[in-house]
Amino acid sequence: MVRLVSLIIFSLATILLATKSSLCHGKTTLNLVDHGITFSIFPLRLKSGLGGHYILETSCSSWRLAVEAHNIIDWKTVPQECEGYLGNYLLGKQYREDSRAVTQEAYKYAKNLNLVGDGKDIWVFDIDETSLSNLPYYAHHGFGVEPYNATSFNEWVDLGIAPSLPESFKLYKKLLGLGIKVVFLTGRPDSQRDITLKNLKIAGYNTFETLIVK
Ligand SMILES: *[C@@H]1O[C@H](CO)[C@@H](O)[C@H](O)[C@H]1NC(C)=O
């Protein structure tokens, strides 16, 4: 199940699929109960200067970092107050820059593998928020502020028009250039395999070994 915050967690681990951040399956509430401790995020807002007023941007940035680091778990939706912050993050330069930082590191790793070139080297890409971006969907659904709606999300998936994440796509091309084969692995169900294959091709992913669905 793909959630908005997986947009945010564009981590090397996600790309390498060594682990997939649990954020992808995360849940959010304003009041979190974890290990019996109840705490609430927005009272944690940082105060600015002597005036002591809250800086929302700082709070939302802290929330995002804590989610990425998996310190905030079991969240269901993005805090209402952070919709604007997240929209700016995702549609602005920062998300792209964050993606670039990660994919450049991934490429450095791949380049230094000393591959023997026997065609047996495979790079596994996740689909949602790694190869394909569901940002067009989330942009119309409050960037994760709205509770996740599987019906409408699946309607979006079934359109098969999700764009690639540009930096992931660059990495994909460069990996092919190194002679590494690509496999896609996704938590999407078998019923979405055909449309996902179609979508991958539309997004430019034309060369890969297979797509493995759940
Ligand atoms: C979920 O999405 C479906 C399809 O768009 C819609 O009919 C339904 O009302 C939505 N459910 C909620 C709880 O918003």
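As shown above, the structure is provided for reference.
Note that the structure is predicted; figures quoted are calculated from it, not measured. (Residues numbered from 1 in each chain as written. Predicted model: local features only at pLDDT ≥ 70, side-chain atom pairs only at ≥ 80, totals over all residues. Heavy atoms only, no water.)

Chemist: Please give an account of the pattern of salt bridges that cites residues and values.
Modeler: One pass over the structure, following the stated rule, counts eight salt bridges. If you follow the salt bridges from partner to partner, you end up with R96, E97, R100, E167 and K170 in one network. (Salt bridge = Lys/Arg side-chain N within 4 Å of Asp/Glu carboxyl O.)

Chemist: Requested: an account of the site of the ligand, with residues and values cited.
Modeler: In the neighbourhood of the ligand, the contacting residues comprise N149, T151, S152 and E155. Here an oxygen atom of the ligand and a side-chain polar atom of N149 are 2.4 Å apart. Within the side chain of E155, a nitrogen or oxygen atom sits 3.4 Å from an oxygen atom of the ligand. Within the complex, the protein chains bury 31% of what would otherwise be the 360 Å² of accessible surface of the ligand. A class-by-class count of the residues in the shell around the ligand yields no nonpolar, three polar and one charged. (Near = heavy atom within 4 Å. Polar contact = N/O pair within 3.5 Å; in protein donor to acceptor, adjacent residues only side chain to side chain. Areas by Shrake-Rupley, 256 points an atom, 1.4 Å probe, with all protein chains shown as cover. Nonpolar A, V, L, I, M, F, W, Y, C, P; charged D, E, K, R; others polar.)

Chemist: I'd like to hear about the packing of helix α5 (residues 93-111) against helix α8 (residues 166-177), residue by residue, with values.
Modeler: Pairs of packed helices are described in terms of their axes, by the angle between the two and the distance that separates them. Their axes nearest at 8 Å, the elements α5 and α8 cross at an angle of 15 degrees. Classified by the angle between their axes, α5 and α8 sit roughly parallel to one another. The interaxial crossing formed by α5 with α8 has right-handed handedness. Listed contacts from α8 to R96, S99, R100, T103, A106, Y107 and A110 of α5 are P166, E167, S168, K170, L171, K174 and L175. (Axes fitted to C-alpha atoms, helices over the stretch in contact; angles between N-to-C directions. Helix = DSSP H or I, 4+ residues; strand = E, 2+ residues; numbered from the N terminus. Parallel < 35°, antiparallel > 145°, perpendicular 65-115°, else oblique. Left-handed = near helix turned anticlockwise from the far one by under 90°. Contact = heavy atoms within 4.5 Å.)

Chemist: Describe the nonpolar core, listing the residues and the values that go with them.
Modeler: Counting 27 residues, the largest nonpolar core has W123, F125, F184 and Y205 as its most contacted members. At the level of elements, α5, β5 (122-126), α6 (135-139), α7 (150-159), α8, β6 (181-185) and α9 (193-202) are the ones that each hand at least two residues to this core. With four residues, the top contributor of residues to this core is α8. Beyond its immediate chain neighbours, meaning those up to four positions away, Y205 contacts S131, L132, S164, L165, S168, F169, Y172, F184 and L200. Y95, L135, F143 and V145 belong to the second largest nonpolar core, which has 17 residues in total. (Core = buried A, V, L, I, M, F, W, Y, C linked by side-chain atoms within 4.5 Å. Buried < 20%, exposed > 50% of the residue type's maximum accessible area, 1.4 Å probe, protein only.)

Chemist: Give a description of the packing of aromatic side chains that names residues and reports values.
Modeler: Throughout the structure, instances matching the rule amount to 17 aromatic pairs. Measuring from ring centre to ring centre gives 6.4 Å for F125 and Y172, while their planes differ by 70 degrees; the resulting arrangement is edge-to-face. Of this pair, F125 sits in strand β5 while Y172 sits in helix α8; the two residues are 47 residues apart in sequence, bridging distant segments of the chain. With respect to burial, F125 and Y172 carry one shared label: buried. Each ring, one from Y148 and one from F153, has its centre 5.8 Å from the other, and the planes form 50 degrees; the classification is tilted. (Phe/Tyr/Trp six-rings, centres within 6.5 Å; stacked < 30°, edge-to-face > 60°.)

Chemist: I'd love a proper account of the state of the cysteines, names of residues and values included.
Modeler: Tallied over the full model, the rule gives one disulfide. Linked covalently through their sulfurs, C60 and C82 form a disulfide whose S-S length is 2.1 Å. With the S-S dihedral at roughly -90 degrees, the linkage between C60 and C82 falls on the left-handed side. Of this pair, C60 sits in helix α3 (residues 56-68) while C82 sits in the loop between α3 and α4 (83-91); the two residues are 22 residues apart in sequence, bridging distant segments of the chain. (Disulfide = S-S within 2.5 Å.)

Chemist: Report on the side chain of S131, specifying residues and quantitative values.
Modeler: Positionally, S131 belongs in the loop between β5 and α6. Setting aside residues up to four positions removed in sequence, S131 forms contacts with F125, D126, P163, S164, L165, F184 and Y205.

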